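Remarks on the overall topology
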Amino acid sequence: MKYMLLIYLEEDSLDEAERQACYVESTQLAHKLKANGQYLAASPLQPTTMATSVRVRDGKRFVTDGPFAETREQLGGYYLVEAQDLDAAIAIAEQIPMARKGTVEVRPLIEIPGLPGD
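Keep in mind that this is a model prediction, so the values were computed, not measured.

Rules and cut-offs
- Residues numbered from 1 in each chain as written.
- Predicted model: local features only at pLDDT ≥ 70, side-chain atom pairs only at ≥ 80, totals over all residues.
- Heavy atoms only, no water.
- Core = buried A, V, L, I, M, F, W, Y, C linked by side-chain atoms within 4.5 Å.
- Buried < 20%, exposed > 50% of the residue type's maximum accessible area, 1.4 Å probe, protein only.
- Helix = DSSP H or I, 4+ residues; strand = E, 2+ residues; numbered from the N terminus.
- Contact = heavy atoms within 4.5 Å.
- Salt bridge = Lys/Arg side-chain N within 4 Å of Asp/Glu carboxyl O.
- Pairing = 2+ DSSP bridges.
- Axes fitted to C-alpha atoms, helices over the stretch in contact; angles between N-to-C directions.

Side note on the nonpolar core
The nonpolar side chains of a soluble globular protein tend to be buried with one another. Leu-5, Ile-7, Tyr-79, Val-81 and Ile-96 are the most contacted members of the largest nonpolar core, which totals 18 residues. Of all elements in the fold, only β1 (2–9), α1 (16–35), β5 (74–82) and α2 (86–93) reach the threshold of two or more residues within this core. Aside from chain neighbours lying at most four places away, what touches Ile-7 is Gln-74, Leu-75, Gly-76, Gly-77, Tyr-78, Tyr-79, Ile-96, Met-98, Thr-103 and Val-104.

Digging into the pattern of salt bridges
Following the criterion strictly, the structure yields four salt bridges and no others. Here Lys-101 ties to Glu-18 by a salt bridge, and the two come within 3.6 Å at their closest N and O atoms. Taken as a pair, Lys-101 in the loop between α2 and β6 (103–108) and Glu-18 in helix α1 lie far apart in primary sequence, 83 residues in all. The class for Glu-18 is partly exposed, based on a relative accessible area of 32%.

What to know about unusual backbone geometry
Phi at Asp-58 takes a positive value of approximately 50°, unusual for a residue other than glycine. When you line up the elements, Asp-58 lands in the loop between β3 (52–57) and β4 (60–65). Assessed through its relative accessible area of 83%, Asp-58 is described here as exposed.

Comments concerning the sheet that holds β1
Taken together, four strands build an open sheet; the order of strands is β2-β5-β1-β6 and the sheet is antiparallel. Where the open sheet ends on each side, the last strands, each with one partner, are β2 (39–44) and β6. The average undirected angle you get between the axes of adjacent strands in this sheet is 20°. Here β2 pairs with β5 via five bridges, running antiparallel. Counterpart to Ser-43 in the pairing with β5 is Tyr-78. Against the sheet, α1 makes contact with β2 and β5, and its axis sits at roughly 20° relative to β5, the strand it touches most.

Right, here's the structure in full:
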């Protein structure tokens, strides 16, 4: 089963040296997961100042700058992994460096037949 591991943290919680160290450690984890056949994708996200939110209400599009919700922690990145079950996905999530500073949400994907790439 595929799991999305969503990484939340306060954007200003890391200085540049900590951020770069996190990237190195995250890359090492990605290679480890690839070797185990579990890695599908991963990436940090640009800051929320680069985000655009889109909503459609009554057929009208509303586009606003920034994230949709105001929260203390923001979505900062993700891993998309293949795991046997929730316990295995949680075991991967706890290895993500930002789990020590923020929160990693583990969420199974709904696989819809016929999507590109199937």
